[in-house]
Structure formats: structure tokens, C-alpha cells
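Residue-level structural notes
The residues making up each chain are set out below.
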Amino acid sequence: MGVIIVIAKRFDALIGPGVMLLYPLYASLRAIESPTMLDDQQWLTYWIIYSLITIFELSFWRILAWLPFWPYIKLLFCMWLVLPMFSGAAYIYSNFVRKYVKIGMNVGGGTTYTDEQRRVLQMMSLDARKSVQDYVDRFGWDSVEKAIKAVYNKVTSDKMETKNEKSDVSRAEEMKNQANEAFKGHKFSNAIDLYTKAIELNGNNAVYWANRAFAHTKLEEYGSAIQDASKAIEIDPKYSKGYYRRGAAYLAMGKFKDALKDFQQVKRICPNDPDAARKLKECEKAVMKLKFEEAISAPVSERRSVAESIDYHTIGNKPRSSSFLPTKTALAAVVAAVMVVAVRGFATTEILMVLVSVVLGTYWWGSFSEVEPQYSGARIEEEEVTLEFVKQMMEDFKNQKTLHKRYAYQIVLKTRQILQALPSLVDISVPNGKHFTVCGDVHGQFYDLLNIFELNGLPSEENPYLFNGDFVDRGSFSVEIILTLFAIKCMSPSSIYLARGNHESKSMNKIYGFEGEVRSKLSEKFVDLFAEVFCYLPLAHVINEKIFVVHGGLFSVDGVKLSDIRAIDRFCEPPEEGLMCELLWSDPQPLPGRGPSKRGVGLSFGGDVTKRFLEDNNLDLVVRSHEVKDEGYEVDHDGKLITVFSAPNYCDQMGNKGAFIRFEAPDMKPNIVTFSAVPHPDVKPMAYANNFMRMFN
């Protein structure tokens, strides 16, 4: 007992200073949940806090000294404090002296590390510090400098990579914002380039892919839009805009069933979104209509020609003359027969034949209808389409008047007859000293067509034109354009040549407005009649055996000859593959070789493909259309291919120029003329498209 009292009395002298020094240090180390090496300021802060706590404990201890059993309590407390103090000393040595003083201050023969290097060491995890400690224990202090430098370089490298990643994400956002601004300015090609840069910096952001898909859709690059939207869905399966963009692209391609699946998914993700519900409902209607049309349609082999069922002479509200009533017709026939018998004395059979002929002829003449007298528009006199009629009709169209259905039928039926006699590949000869004009897509922009004729003159045998497809759709004056071009073809077949584009087809007309416009301005029967006549349009032209003109582009295989194109059976709707499809849908690409089509139909072909085709067929140049260009044209493939587009400010939003090309014989060098859009009546593009497509425009 006496020993205990002596030890207790000597506690302040022996143990107190140690407690004051080591216990706060030990406690501060233990206070860190995941022990890490602290900087000087942190050490000082912890030390002060726990020193104050220790002083308070010792003071409290002295207050209790008056208790009779205090020596025993003091001994127990001493043991409780002394044992952790020794373990704390060992802990401090391993976690502070060896790792901070020796390594951080002076290691490996006097090498001193900078504050930055010490901060890096402080960032190391416990496992990393233990690895350094194990290295020192095994190989000695002489090698520790190399170990520290290795760890330092690794941590620094990791920090730089993290910093670069953050920098890439920030730059990607900047690119996306710039792309959004370009998109708002209708600079869709520029927007695609900027979205691409954002994707290169951060390819795991679904928004970038979906935004680029939207820009592709605006340029009618539906295949690329589907690919980008699918990537957005892959990155984030719950990202509704990914399905929305892909569904819109499928719809634009006429793939209604695929579009329906995506819009159903949009509705599942956003069940309370009224816009998603409305679009899903319209898509369901489109699919149901398509199924109904497929169900009632007759097989191709059993379909009858619409044109052959139409007699435009019978169109009108008024008989040719009210005097040709049945009784008067019969009386006239009998009188005529009696007179013939009295003069010639024919036999009974001959009398009857004359009588029947007179009656039938009179009825046939009487069945003709006259155009209503109140109709004030252009009239075709004596069954011939004349220049005067064409000019009057164009003026009426300019003033938003309509053409009588009788004359519209007459023009379309006669054009069908002319086109039917042409081959799939038409050869055009331009005499020396003469010129020839090639125009690209006009897409229902009638007032821009009038501007072309103002700039370059009306078509005539001295001023011939070739319009290279896509006369209709998108623009809301497609009926006026097609009747004008067809009327000029009827007036003078060699004054104008017409080629088929991908929009001269049922599937495109159903989606992009021409079908609805024809129903509104003419009649349902005209819808089928135009679809039939479009199948008679030639697929390509060759001018002076040197210039190949086609709406879309070249082929998925080499070795295609002009004779192969002439042999194509074009009297059908465009197929989804093969030579005819590629002529109407393909596009050039800057890289050599061939690639998938950005439209989802046809292909992309490089300059080497163009060069081989020209060499194989002894040609000099390919002229094609099919793509909107900022300047109205673009020269590619080392000058061997020209794209010409003749619809300026396409769809009232692209801001592009239009262009046409004049070739002068005999050298046939292209002279490109560009022009800007002109005002038109306030009828928006796609005004006659189906409800679903208008939602996206």
C-alpha cells in the first residue's frame, strides 16, 4: 500500500510532463477516422485542442484529491493513462516520425522534398503509405528516395489525368453550347461538326448524341440520326429524347411501325407528358391507316392503270350544247337517213347503219362537257398546249388561282404519254454554239421557279432545261410546279427534260405534303394519277456523251455501264436496294471507297468510285442534286462531281442559296449561277403534310 501511495505522489513529477506532451499527440492521431499525414497547421490545431482537454482532466483530477480513497483511484487512472501513452509513443513513431520527419524532411543522403511533394505524400492513402514503409523496411533508407519519387510521379500523373478529364468535360460543354447556337441559326452542318467535337471530348453524354441526331434530321440524314439516337439510348436507356429523336427519324423514312415502338417508350418514360401522348396517338393513327391501305390494296399484277380510266373530255358541269337532246338527236338522225335513201336509194341495212352512226356520233359529241363560263383562268384551245396558255397559267398560279381540273387532267395524261415512250436513260444532244441548263431540286417552291425563268428565260428549243428530280414535297406549291413543268413538256418536249427524284414516289408524297396538297387543290383521283405518271419519269440523262446527270448518285458495285441503266425497268415504285434505288438516293463522301448512307437508304461513295465510273463509260463529269448546299452547289471529287440544288432558303429556314448550271457547247464547261430566295404568299412549308409530320416541323 505504501508503494502505491509513493507512486501516486510522484505521478505529477514523473508522468505529468509525458501526458502533457504525448497524450494530446496520440489522441489527435486516433481522432482521425482514416489516419492520414497532416500538415503543420493541422497538427498544431489538434495538439492545442487535446492539450486543453488534458489540462482540464488533470485539474479535475486534483479536485478529487480530497477523497479518502483517492490514492487507489489515482493508481488506476495512472495505469489507464500510462499504458496508452506507451502505445501512443509507438504509434506516433510509426505514423509521424518515420513517415513525416524522416521521409518528408531529409531522406536518402540529404535530399529535401518541397512543400508540393509533401502535400502529395499527404494525399496518399493508408495503403500507399504502408507500401512505402514496407519498401523502406526491406531495402533500407538508401532506396527510399526512389520509392518516394515513384509514388510522387504516380500521384501527380493521376492528378493530371483527373484535371484533364475535368478540362475535357468543360470544353465539351462549351462545344455543345456553340453547337446549340449554330442550330438556332439554322446552320445545321456547322452544328453537327461542333456536336462531334463535344462527343470526341466526352462521348458518354447522351445529350450530345441526341442533339446531333436532331441536326442530322434537319439535313434529312435520317440514317445518321438513327445511329446517334441509338447511341444516346445505349448510354442512358431512360433518356426520353433519345427515343424521341429516333422515332422522328424512323417516321421521316416512312418506317411507321419502328417509330411507334419508340414513341411508346417515350410515353412509358414520361407518362404525364401531353406532347408525348399526342405524338403517340398520331403515330398510332398513321400505323392503323397504313395497315388498312395494305389490307385493301390489290396485288401489283392486278392493278389497273388510273390514266386509262380517265377521259378528260367529260370533265365539266355543262354539256357542249343544250340543243342536243335525245329526241332532237333521234329526229335529226331519221331525217338524215330519209334524205340519203331518197337521193342514193341505199338498201335497208345501209339505212340502218347510217341511222346508228348518226345517233351514236351525236351522243358522243353531246357527251363532251364544256368548261363553265364563269371560269376565268387559262384555257387550252383546240386540244393544244401553247406558250400563251403556259404563260397565262403561270400568271394565274402566281396570283394563287387554280387551273380547271379538265385542263389539269389533259396536261398530266399527255405528259404520261410522252414520258412512257422514253428510255430509262435519255441522251441529250446540244449543238455547237448552243447552251443547256441543268436545275436541281425545286421542292414545291413555285415562286423560286418563276425567278429561275426570270433570270435564265423560259424553256424553249433555243433555251432547253433539265430539271433533275424532286419537283414536289416540302414546299406548299408543289401542284403549281408539277403542272407548270408538265405543261411545258406538252408544249415542246425538247424544251424541257424531267428526271425522277426520290421524292417522286408514293411513300415520300404521303409524308412530305404533296399527297395532301393534291387532295386539297385537285382530287383524290389525281393522287393516284400523279403516282402512276411519276413511275414513267426517266432515271438519268447523258448530255453530249460527256455529262452524266442523275438525281442521287452512283452505285454499290463497280463496272456499271450506261447500258445497264438503260435496261432498268423503271415503271414501279423505287425499291429499297439495287441500281434504281442507288440512282435516286446515294450521296458523295469525301473519303475514298464506299460507306453506309447517312440517309439510311442507298450508300455514300468516294472520289475513286466517281473516277472509275467516268472512265468505264468515257464520261467527263457527274452532275447530281439531292442535297441542300449553302451556296446552292458544291464541287467534289477533284472537280469530277457537282451537286446543284435549286430551292433557295429551303423550307423557309435553311438560309441557303439556289443555283443552276449552264453548259455551252462544244466545250460543255459548267457555268454556275446562284440566286437567293424570293418572297412568296404566307403558306408555310409542309402545310399539307400529315398531322404527325407537321408536329415535327
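Residues numbered from 1 in each chain as written. Predicted model: local features only at pLDDT ≥ 70, side-chain atom pairs only at ≥ 80, totals over all residues. Heavy atoms only, no water.

Section: the UniProt feature "repeat: TPR" (unreviewed entry) in the chain
Counted only if it meets this: UniProt positions are given in the numbering used here, feature names are shortened, and annotations may be inferred rather than shown by experiment. Put simply, DSSP H or I for four residues or longer makes a helix, DSSP E for two residues or longer makes a strand, and each gets a number counted from the N terminus.
If you check UniProt for "repeat: TPR" (unreviewed entry), the listed places come out as residues 206–239 and 240–273 in our numbering. A distance of 8 Å separates the end C-alpha atoms of residues 206–239, which is 79% helix and 0% strand.

Concerning the sheet that holds strand β15 (residues 658–664)
Where strands meet in a sheet, backbone hydrogen bonds hold them as pairs that are either parallel or antiparallel. To be explicit about the condition: Two strands pair if DSSP finds at least two bridges between them. Note on method: axes are straight lines fitted to C-alpha atoms, helices fitted across the in-contact stretch only, with angles between N-to-C directions ranging 0 to 180 degrees. Note on contacts: a residue pair is in contact if any heavy atoms of the two residues lie within 4.5 Å.
Here we have five strands laid out as an open sheet, ordered β6-β5-β4-β15-β16, and mixed in their pairing. Of all strands in the sheet, those with a lone pairing partner are β6 (496–498) and β16 (669–675), marking the two edges. Neighbour-to-neighbour, the strand axes of the sheet open up by a mean angle of 20 degrees, direction not taken into account. Bridge count between β15 and β16: seven bridges; the pairing is antiparallel. Directly across from G658, in β16, lies its bridge partner F675. Across the sheet, helix α19 (residues 446–456) lies against β4 (435–439), β5 (465–467), β15 and β16, angled at about 160 degrees from β5, the strand it touches most. Packed on one face of the sheet, helix α20 (residues 478–491) meets β5 and β6 and runs near 125 degrees to β6.

A short note on a negative patch on the surface
Let me state the cut-off plainly: Without a salt bridge and with relative accessible area above 30%, a residue can belong to a patch; like charges are then joined within 9 Å and nonpolar side chains (Val, Leu, Ile, Met, Phe, Trp, Tyr) within 5 Å. A 1.4 Å probe and the Shrake-Rupley method give the accessible areas. Residues count as covered only by the protein chains that appear here. The term salt bridge refers to a pairing of a side-chain nitrogen on Lys or Arg with a carboxyl oxygen on Asp or Glu at a separation within 4 Å. Neither His nor the chain termini are counted; the positive set is Lys and Arg, and the negative set is Asp and Glu. Lysine's charge is taken at NZ, arginine's at CZ, aspartate's at CG and glutamate's at CD.
A cluster of like negative charges, contributed by E381, E382, E383 and E384, occupies part of the molecular surface. In this fold, E384 is placed in the loop between β2 (369–370) and α17 (387–398).

Things to note about the side chain of T643
The cut-off we apply is this: Side-chain atoms alone can form a polar contact between residues adjacent in sequence; in general such a contact is a pair of N or O atoms within 3.5 Å, and within protein one must be able to donate a hydrogen while the other accepts it.
Positionally, T643 belongs in strand β14 (residues 641–644). Polar side-chain contacts of T643 include one of 3.1 Å to the side chain of R624. If near-sequence neighbours (up to four positions away) are discounted, T643 is found in contact with R624, S625, E627, K629, G632, Y633, E634 and D636.

Topic: the nonpolar core
The line we're drawing: We define a nonpolar core as any set of buried Ala, Val, Leu, Ile, Met, Phe, Trp, Tyr and Cys residues linked to one another through side-chain atoms lying within 4.5 Å. Think of it in three bands: with a 1.4 Å probe and only protein chains considered, a residue is buried below 20% of the maximum accessible area for its type, exposed above 50%, and partly exposed in between.
Counting residues in each nonpolar core, the largest one holds 59 residues, and the members touching the most others are L403, F467, F471, L529 and F530. For this core, the secondary structure elements donating two or more residues are α17, α18 (405–420), α19, β5, α20, β6, α22 (514–521) and α23 (524–534). With nine residues, α20 is the single largest residue contributor to this core. One finds Y250, M253, L614 and M686 within the second-largest nonpolar core, a separate group that totals 53 residues.

Brief notes about the pattern of salt bridges
For side chains of opposite charge, pairing can occur when their charged atoms come near one another. Within the structure shown, the criterion is met by 31 salt bridges. The closest approach of N and O atoms between E462 and K434, which form a salt bridge, is 2.7 Å. Of the two residues, E462 is situated in the loop between α19 and β5 and K434 in the loop between β3 (425–428) and β4; the sequence distance between them amounts to 28 residues. Judged by relative accessible area, K434 falls into the partly exposed class, the value being 35%. Among the ionic contacts, a cluster of salt bridges with common partners joins E221, D587, K598, R599, R624, E627, K629 and E634.

Structural notes on the confidence of the model for the chain
Operational definition: Values of pLDDT, which run from 0 to 100, indicate the predictor's confidence residue by residue.
Per-chain confidence: the chain averages 81 in pLDDT, with 67% of residues scoring 70 or above. This stretch, residues 32–39, has a pLDDT under 50; its non-local contacts, to residues over four places away or in other chains, come to 15 contacts. Across residues 96–111, confidence stays below pLDDT 50; counting only partners more than four residues off in sequence or on other chains, it has 43 contacts.

Things to note about unusual backbone geometry
What you tend to see is this: most non-glycine residues have negative phi, and most peptide bonds are trans. Residue P666 follows A665 across a cis peptide bond; omega there is 10 degrees. Here P666 shows up in the loop between β15 and β16. Residue H637 is not a glycine yet carries a positive backbone phi of 55 degrees. Mapped onto the fold, H637 is located in the loop between β13 (633–636) and β14. When its relative accessible area of 12% is taken as the criterion, H637 is described as buried.

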